[in-house]
Amino acid sequence: MSTEFTPIFLFLLVAVAIALSMMIASAVLGPHKRTKVKQMPYESGMNPFGDARQRFDVRYYLIAIVFLLFDVELLFLYPWAVAQWSGGVPAATSAPAGSTLGPVGIPAEFRSLVFWEIQFFIVILAAALAYAWKKGVFEWR
Amino acid sequence: MNPQIAYESVQQTLRILIPELIVLAAGVAMMTASPFFRWPRRTWCAIGAGALTAALLALLAVSGLQTDMYAAVALNDSLGFYGRLVVLLSGLILLALAHDEPADDTAGEFFGAFLMINAGAMLVMTANELVFLFVGLELVSMPTYMLLYLSRRTSTTQETATKYFYLSIFSSGLLLYGLAFLYGVAGVSNLKALATLSWHLPSIPHPQLGLVAVVFVLAGLCFRVAAVPFHFYAPDVYQGSPTVLAALLSWVPKGVGFVAMVRALTAVISVKGPDDPLVQKAVMISWVVAAATMILGNTLALLQNNLKRLLAYSAIAHAGYLMIGVTVAFANGPKSGYVYYGCESIFFYLVAYALMTLGAFGVIIGLRTAGRDVETVEDLAGLGFTQPLPALALAICLLSLSGIPPLAGFWGKFEIFASAFAASLGDNSGPFILLAVIGVLNAAVGAYYYLRIVVTMYLRPARQTVVPRGGWPVALAVGACASLSLILGLFPGPIVRASRAAALAAVDHSPPSRPQVIVRSGPSPSHSTKIPWVQN
């Protein structure tokens, strides 16, 4: 078994240990003065009202799903925008055997393919948005 | 691999995937267009049929193209070609059965999702890479959730959709976890490279990890094929969903799941030969699954009176027979004489099963009684006299399901049991013979509940009038299934040859034609010493 992952396990161990020790220390050492205000649920400074277990309107979830469209879009577009025109060694002076696509960025051969793939991806997302629009997801009746 | 060769490989792959791209593009376009155009469901169905036909022609056009097996994510080998052919043809049959199912205002989404399922199934047939395989399987699952929910807004359907959704997501998680371990076994995600690397190594470096991979991948795929212990959703879901979706669920995930098992598990694991401990454990696990699935499916099917529930348990039983093929395929590595016999019987059985199960469901779709669907066995009483043609088609399909010669199901069972009798782990062939005997006994038990329906149709007096519905598409699809079951039983030769070619392709690990084109993690062990886990 290799020892390559030892630092990662150590890191996890240290992270968990610090978090646990903080919680234990504050529970053991901290003063415990329970006043009525301190027992209230925290609502960012407002006085809480109503029950926390209320139902959300189902349209809220639809909007949240449509938001995911743009969320995923950004997730792909940022790395792509960085990689599209940067780096990329020409094929002749390629990196040593065994490495795949050169050090950074998209190789010159793949640039147009990847570019049009991303355009296609954006078109599909736009189609999904148009679908949601036509279906009336954005009308808050 | 340098970028030039990688680019060529991507181009080749895109070229052989043109049929999938056609189907997928049509599916996406239909989904997007459906709220904008108020067309009747007939139009949407015709567009879907056109897309499937176009894909069929494209598939025939690309049939000669190949990709590099160690560089490409998709293969157009015999398994990829014949598998996609079967998916497209069965897709046309299912489309004919479904043409009357959705309401006009959801027809665009319904047939769009249907096309996506077909595209996903075709991707799995070609898959040569773990991630690609998973994408294909999800492309089958996700539109299925939508279809289950779209069809009817009753509380039963919603319960069914929810049940299937959560269990399917759970099984996808299991599968993905297993695939991660499979990647960890050798550090490559290309399946052919994975098999070749394990073949060149004296033994698999971490057999425990390999075992975890086998267990989890098998578990994830067992859900899709409805094998014990992941079978329990099948009867409820089949009964609660529209009949055409029950037909789809009984065939598409099953075919896809077994091909995925062959691609990702048996073809990779079995290369070590029958002496490897991992192979022996894999054989043991699938032996238990096969025996339990057959016994449970057939026993519980005896108690059913609802037709869809009965066919659901019958689908479970057939998953058990197919698991015999998987068990044999695990044991037959290239070191034993008959490499491809297990895979071959799986492929043949899948084709036969598609015909007979789609035909049986098709007859149920095509009949109505007293203003409702045909539901119980008693509803079919006297059908042989009131509706002779549908009764004949149903009888052929049921006899084929029970494995009576000269029908397709007989040759399917024959191949499966023959492969089990021929298999052995080293000198030990006892477990396989025992499994084959269990299978034969189960087939005899299964014949009882299939024949019970046939007897009800022909020997009982009719109770209420049963009228046909669905028009010529359903009749054509059912007729095609029934007559092909008969023709395939009389002349099994072409399908035997095709499934043999597919089985050979599935276990083919010829050395790379171009030495520099090899998987990402390291050069091939045959001409290099650098393998990621060996250096430590």
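Since the structure is predicted, the reported quantities are computational estimates derived from the model, not experimental observations. (Residues numbered from 1 in each chain as written. Chains lettered and ligands numbered in written order. Predicted model: local features only at pLDDT ≥ 70, side-chain atom pairs only at ≥ 80, totals over all residues.)

Participant: Honestly, the overall build of chain A in this entry has me stumped. Any pointers?
Facilitator: Counting its regular elements, chain A contains 4 helices and 0 strands. Counting from the amino terminus, chain A carries its helices and strands in the arrangement α-α-α-α. Evaluated residue by residue, chain A yields a buried proportion of 4% over its 141 residues. (Helix = DSSP H or I, 4+ residues; strand = E, 2+ residues; numbered from the N terminus. Buried ≥ 20, exposed ≤ 12 C-beta atoms within 10 Å, placed from the backbone.)

Participant: I'm lost on the overall build of chain B in this one. Help?
Facilitator: The secondary structure content of chain B amounts to 20 helices and 3 strands. Whereas a compact globule of 536 residues would reach a radius of gyration of roughly 24 Å, chain B reaches 23 Å, a difference of no more than 12%. In terms of its C-alpha atoms, chain B occupies a principal-axis envelope of roughly 75 × 60 × 40 Å. Contacts in chain B between residues far apart in sequence, at least 24 positions, make up 82% of those at least 6 positions apart. (Rg over C-alpha atoms; globule rule 2.2 N^0.38 Å. Contact = placed C-beta atoms within 7 Å.)

Participant: Sorry if this is basic, but what is going on with unusual backbone geometry here?
Facilitator: Most peptide bonds take the trans form, and the phi angle of most residues other than glycine is negative. All names here are of chain B. Cis geometry is adopted by the peptide bond preceding P229, which originates at V228 and carries an omega value of 5°. Topologically, P229 is positioned in the loop between helix 9 (207–225) and helix 10 (233–240). Unusually for a residue other than glycine, A226 sits at a positive phi of about 60°. Positionally, A226 belongs in the loop between helix 9 and helix 10.

Participant: Teacher, can you tell me more about the sheet that holds strand 1 (residues 367–369) of chain B here?
Facilitator: Note: strands within a sheet are paired through backbone hydrogen bonds, in either parallel or antiparallel orientation. All names here are of chain B. Judged by pairing direction, the sheet is antiparallel, and its 3 strands sit side by side in the order 2-1-3 without closing on themselves. The open sheet has two edge strands, strand 2 (372–373) and strand 3 (466–468), and neither has a second partner. Of the strand pairs in this sheet, strand 1 and strand 3 are connected by 3 bridges, and their pairing is antiparallel. Opposite R368, over in strand 3, you have V467 as the bridge partner. (Pairing = 2+ DSSP bridges.)

Participant: Hey, could you run me through the packing of helix 2 (residues 18–33) of chain B against helix 3 (residues 41–61) of chain B in this one?
Facilitator: Each pair of packed helices gets described by two things: the angle between the helix axes and the distance between those axes. Residues and elements named next belong to chain B. For the pair helix 2 and helix 3, the least separation of the axes is 8 Å and the interaxial angle reads 165°. Relative to helix 3, helix 2 is oriented roughly antiparallel. Note on packing geometry: the crossing formed by helix 2 with helix 3 is right-handed. In this structure, helix 2 uses I18, P19, I22, V23, A26 and M30 to contact helix 3, whose residues at the interface are W44, I47, A51, L52, A54, A55, A58 and L59. (Axes fitted to C-alpha atoms, helices over the stretch in contact; angles between N-to-C directions. Parallel < 35°, antiparallel > 145°, perpendicular 65-115°, else oblique. Left-handed = near helix turned anticlockwise from the far one by under 90°.)

Participant: Which parts of the structure should I look at to understand helix 3 (residues 58–83) of chain A?
Facilitator: At 3.6 residues per turn, the α-helix brings residues three or four places apart onto the same side. Here helix 3 of chain A is 26 residues long and its end C-alpha atoms lie 39 Å apart, about the 38 Å a rise of 1.5 Å per residue gives. Counting buried positions along helix 3 of chain A yields 0 of 26 residues, so the element is predominantly exposed. (Expected span 1.5 Å × (residues − 1).)

Participant: Where do I start with the environment of T157 of chain B in this structure?
Facilitator: Residue and element names in this part refer to chain B. If you trace the backbone, T157 turns up in helix 7 (residues 155–186). For T157, a count of 18 C-beta atoms within 10 Å gives the class partly exposed. For the pair T157 and L484, spaced 327 residues apart in the sequence, the C-alpha separation amounts to 33 Å. Every residue in contact with T157, bar those within four places of it in the chain, is listed here: L148, S151, R152, G240 and S241.

Participant: I tried to follow the confidence of the model for chain B on my own but got confused; where do I start?
Facilitator: One rule of thumb: low pLDDT means the predicted coordinates there are not for detailed reading. Residue and element names in this part refer to chain B. Chain-level pLDDT for chain B is 87 on average; 93% of the residues reach the 70-or-more range. Under a pLDDT of 50 for its full length, residues 513–536 has, in the predicted model, 42 contacts with residues more than four places off or in other chains. On the interface metric, ipTM, the complex scores 0.76, and its pTM is 0.86. (pLDDT = per-residue confidence, 0-100.)

Participant: Looking at this structure, I do not really get the environment of A83 of chain A. What am I missing?
Facilitator: All names here are of chain A. On the secondary structure map, A83 appears in helix 3. For A83, a count of 17 C-beta atoms within 10 Å corresponds to the partly exposed category. For the pair formed by A83 and R111, sequence separation is 28 residues and the distance between their alpha carbons is 9.6 Å. Filtering out sequence-adjacent residues up to four positions away, A83 remains in contact with G105 and I106.

Participant: Looking at this model, I keep getting lost on the environment of F170 of chain B. Mind explaining?
Facilitator: Mapping F170 of chain B onto the fold places it in helix 7. Assessed through the 14 C-beta atoms surrounding it within 10 Å, F170 of chain B is described here as partly exposed.

Participant: In this structure, what is going on with the confidence of the model for chain A? I would like to understand it.
Facilitator: In the predicted model, chain A carries a mean pLDDT of 80, and 84% of its residues have values of at least 70. Note that residues 90–96 of chain A has pLDDT below 50 and, in this model, 12 contacts with residues that lie over four places away or in other chains.

Participant: Explain the packing of helix 11 (residues 243–269) of chain B against helix 13 (residues 307–331) of chain B here, please?
Facilitator: All names here are of chain B. Orientation of helix 11 relative to helix 13, taken along the N-to-C sense of each, is 10°, at an axis distance of 11 Å. On the basis of the axis angle, helix 11 is roughly parallel to helix 13. Residue-level inspection shows T243, A246, S250, K254, F258, M261, V262, T266 and I269 of helix 11 in contact with helix 13, the latter providing K308, L311, A315, A319, L322, V326, A329 and F330. Tallied by class, residues from the contact of helix 11 with helix 13 come to 12 nonpolar, 3 polar and 2 charged. (Nonpolar A, V, L, I, M, F, W, Y, C, P; charged D, E, K, R; others polar.)

Participant: When you look at helix 2 of chain B in this model, what are you seeing that I'm missing?
Facilitator: Taking 1.5 Å per residue, 16 residues should reach 22 Å; helix 2 of chain B reaches 22 Å between its end C-alpha atoms and fits that length. Those residues of helix 2 of chain B that fall on the buried side of the exposure criterion are P19, E20, I22, V23, L24, A26, G27, M30, M31 and T32 of chain B. Those residues of helix 2 of chain B hidden inside the fold are in contact with helix 4 (111–134) of chain A together with helix 3, helix 4 (78–98) and helix 5 (107–126) of chain B.

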